[in-house]
Amino acid sequence: MTLLIIIIVLALIFDYINGFHDAANAIATVVATKVLTPFQAVLWAAFFNFLAYWVFGFGVADTVAKTANTMQIDLVVILAGVIAAICWNLLTWWFGIPSSSSHTLIGGFAGAAIAHAIAVHGFSGYVGEDGTTQYWYQIVSWYKAGKDGGMPSGVLIIVAFIVLAPLLGALASYLISIWLLNASKKSILPKLFTIALMIFTGVFIYYQMIPYDTIVANGGQPRFESSVFWSVVLESHNIKWFLVGFIIYSISAFALIFSSLNLHQADSALKKMQLLSSAAFSLGHGGNDSQKVMGIIAAAVAVYIHTNPGIHMDEWLDVVLPSDDGAFKMPAWIPLACYSAIAAGTLSGGWKIVKTMGSKITKVTSFEGVAAETAGALTLYFTEHFKVPVSTTHTITGSIIGVGLTKRVSAVRWGVTVSLLWAWVLTIPVSALLAAIIYYTLSIFL
């Protein structure tokens, strides 16, 4: 039990470090454009980091918890993974490198699990609990087909999104920028496009909503027994889609009047919209990154229960990992603690990385800030919907690059970008190797 408590504490410390390590993701552009002072910006971001507690579910937490087979590892594996992730995060923060906290955690967890499998079984095959022959590399969930044709999961999917997340962010910000640039012209076509987009968004979100009957039928607990309307509106899944609609409709409303504004009025409106876009991205950051720590804590409890059969768990640690039949249970204090830790970390700032994100990649104005943050937020919301733990750092960096490309290719400082790419590529293997070394070292004493 002592080791389990240590892991939980260290996981929350990692969550705190993640907050100040990734604070720049949400506030770099809003600080660079002088919409908010650095102190105001971290307060703003931290508030929305915490607000994500009421918006997002536990899909990403499920994916992270199942990175390795919890039936074949022990608590030392998770401890080594968390320590490795903390070390890499602090190292990259010290050098001002906006690396991925998400991939650090995944790499550390997977690396320690593989080291454990090799230490216990060697490189030869062994008979698993299900009676089949298994090998050391199978301890990690590399790829799992999606249920009912849904999104597949596994470490390989997470690795793929090292490339896909920034590409999606770049594409989204590029398209948003082109849309708004055309909306600034006195032409009817951009307005017709905007109206069509608003209609499409309304229809799309309508079909994404979970009705009251479905909430009850799936065993969900309506938030307001006496009000069907508020139970539907405040269902976490529905809140997320309402937010997507609110973001798109806000941008659309600005696009419809953009051509009638003078330069000063347009800049003033864009600065106000940056508050909305940075808030939306901070929500996505909190919802995406806090869940990864929830997944690690849930995995640690599952391992503890498996390695101590018959033990009675106190109510505050009674965790049940999601399974194929949908069973899932997580005490409320775990998500609350995780969201609080990341919000506190964001309040601590991360000024070394703010400088890289806010000025070194490309020169950012309010226009670019709105496009980049909106694109980043939408990317995070959609990937969270598909339970893919992506890097908020990669996403916003790609979004900023996409904005720079609307001016010209040379507007992006590719020398800085290539350095970031190297950091991204190396994060998982370096974290895995570091976790393996830490696991073998800890195994001597524990």
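Use the structure listed above.
Counting from 1, residues in each chain are numbered in the order their sequence is written. With pLDDT at 70 or above as the cut-off, local features in this predicted model cover only qualifying residues; side-chain atom pairs require 80 or more to be listed or tallied, and sums for whole chains, interfaces and linings still use all residues. Side-chain descriptors were evaluated using all non-hydrogen atoms of the structure, hydrogens and water having been removed beforehand.

Colleague: Help me out: how do you make sense of the nonpolar core in this one?
Modeller: Generally speaking, a soluble globular protein has its nonpolar side chains buried in company with each other. Here, the term nonpolar core denotes a set of buried Ala, Val, Leu, Ile, Met, Phe, Trp, Tyr and Cys residues that are joined through side-chain atoms within 4.5 Å. Any residue under 20% of the maximum accessible area for its type is buried, any over 50% is exposed, and the rest in between are partly exposed; the area is computed with a 1.4 Å probe on protein chains only. Formed by 101 residues in total, the largest nonpolar core has its most connected members in Leu4, Ile73, Ile78, Phe109, Leu180 and Ile296. The way it works is that DSSP assigns letters per residue, a run of H or I at least four long becomes a helix, a run of E at least two long becomes a strand, and they are numbered from the N terminus. For this core, the leading source of residues is helix H11 (residues 263-307), giving 17 residues. In contact with Ile73, not counting residues within four places along its chain, are Ile78, Phe109, Ala113, His116, Ile139, Val303 and Thr307. Between two residues, a contact is recorded if the distance between any of their heavy atoms is within 4.5 Å.

Colleague: Explanation requested: the pattern of salt bridges in the structure shown.
Modeller: Two side chains of opposite charge can pair, provided their charged atoms sit close to one another. Salt bridges, as used here, are contacts in which a Lys or Arg side-chain nitrogen is within 4 Å of a carboxyl oxygen on Asp or Glu. Counted according to the given criterion, the structure contains four salt bridges. Between Asp62 and Lys66 there is a salt bridge; the shortest N-O distance is 3.2 Å. A relative accessible area of 30% means that Lys66 is categorised as partly exposed. The residue Glu384 makes a salt bridge to Lys240 at a minimum N-O spacing of 2.7 Å. With Glu384 in helix H14 (residues 366-385) and Lys240 in helix H10 (residues 236-257), this pair connects stretches of sequence that are 144 residues apart. One exposure class covers both Glu384 and Lys240, and it is buried.

Colleague: I keep staring at helix H7 (residues 188-208) and nothing clicks. Help me out?
Modeller: An α-helical segment advances 3.6 residues per turn. Residues three or four places apart therefore align on the same side. By this rule, a helix spans an expected 1.5 Å times one less than how many residues it contains. Compared with an ideal rise of 1.5 Å per residue, which puts 21 residues at 30 Å, H7 spans 31 Å between its outermost C-alpha atoms and is within 8% of the ideal. Among the residues of H7, those classed as buried are Pro190, Thr194, Thr201 and Ile205. One side of H7 holds all its buried residues, which, seen down the axis, span an arc of 45°. The outward face of H7, more than 90 degrees from its buried face, is lined by the exposed residues Ile188, Leu189, Ile199, Phe200, Tyr206 and Tyr207. Those residues of H7 that are buried are in contact with helix H6 (155-183) and H10. N or O atoms within 3.5 Å of each other form a polar contact, as long as, within protein, one can give a hydrogen and the other can take it, and as long as residues adjacent in sequence are counted only when both atoms are side-chain atoms. Two or three places before Leu189, at the opening of H7, Ser187 has a side-chain oxygen 3.5 Å from that residue's backbone nitrogen. What the arc measures is the spread of directions leading from the helix axis to the C-beta atoms.

Colleague: How should the packing of aromatic side chains be read in this particular structure?
Modeller: To describe a pair of aromatic rings, one takes the distance between the centres and the angle between the planes. Geometry of aromatic contacts follows a simple scheme: Phe, Tyr and Trp rings, the Trp one being its six-membered ring, pair when their centres are within 6.5 Å, and the pair is stacked under 30 degrees between planes, edge-to-face over 60, tilted otherwise. All chains considered together, the criterion is met by 18 aromatic pairs. Consider the rings of Phe254 and Phe258, whose centres lie 4.5 Å apart with planes at 35°: the pair is tilted. Of the residues examined, Phe254 reaches a relative accessible area of 5% and is grouped as buried. With relative accessibility at 10%, the residue Phe258 sits in the buried group.

Colleague: How should I be thinking about the environment of Ile6 in this particular structure?
Modeller: Considering the arrangement of structural elements, one finds Ile6 in helix H1 (residues 2-32). Given a relative accessible area of 39%, Ile6 falls into the partly exposed group. Each C-alpha atom, one on Ile6 and one on Leu79, is 8.2 Å from the other, the two residues being 73 residues apart in sequence.

Colleague: What's the story with H6 in this structure? I'm lost.
Modeller: With 29 residues, H6 ought to run about 42 Å at 1.5 Å a step, and its terminal C-alpha atoms sit 41 Å apart, in line with that. In H6, a bend of some 40° at Ile162 exceeds every other bend along the element, and Pro166, a proline, comes one to four places later. The angle separating two fitted axes, one through the seven residues that finish at a residue and one through the seven that start at it, defines the bend at that residue.

Colleague: Please explain a nonpolar patch on the surface as it appears in this structure.
Modeller: Residues enter a patch when their relative accessible area is above 30% and they make no salt bridge; the linking distance is 9 Å between like charges and 5 Å between nonpolar side chains (Val, Leu, Ile, Met, Phe, Trp, Tyr). Accessible areas in this description were obtained via Shrake-Rupley with a 1.4 Å probe; residue shielding takes into account the shown protein chains only. Residues Leu171, Tyr174, Leu175, Ile178, Leu181 and Leu405 make up a contiguous nonpolar surface patch of roughly 480 Å² in combined accessible area. Considering the arrangement of structural elements, one finds Leu171 in helix H6.

Colleague: Quick question: what am I supposed to make of the environment of Gly287 here?
Modeller: For Gly287, the position within the fold is in helix H11. C-alpha of Gly287 to C-alpha of Leu380: the two residues are 93 residues apart in sequence and 8.7 Å apart in space.

Colleague: Quick question: what am I supposed to make of the packing of H10 against H14 here?
Modeller: The relative placement of two packed helices is expressed as an angle between their axes plus a distance between the axes. Only the stretch in contact is used when fitting a helix axis, every axis being a line fitted to C-alpha atoms; angles between N-to-C directions are given from 0 to 180 degrees. Between H10 and H14, whose axes approach to 11 Å, the crossing angle comes to 155°. The angle between the axes of H10 and H14 places the two elements in the roughly antiparallel class. As H10 packs across H14, the resulting crossing turns out to be left-handed. Facing His237, Lys240, Trp241, Leu243, Val244, Ile247 and Ile251 of H10, the residues of H14 in contact are Val370, Thr374, Leu378, Tyr381, Phe382, Glu384 and His385. Here the contact of H10 with H14 is built from residues that sort into nine nonpolar, three polar and two charged. An angle counts as roughly parallel when it lies under 35 degrees, as roughly antiparallel when it exceeds 145, as roughly perpendicular when it falls between 65 and 115, and as oblique in every other case. Left-handed is the label given to a crossing in which the near helix is rotated counterclockwise from the far helix by less than a right angle, and right-handed is the label when the rotation is clockwise. For this scheme, ten residues count as nonpolar: Ala, Val, Leu, Ile, Met, Phe, Trp, Tyr, Cys and Pro. Four count as charged, namely Asp, Glu, Lys and Arg, and the remainder, Gly too, count as polar.

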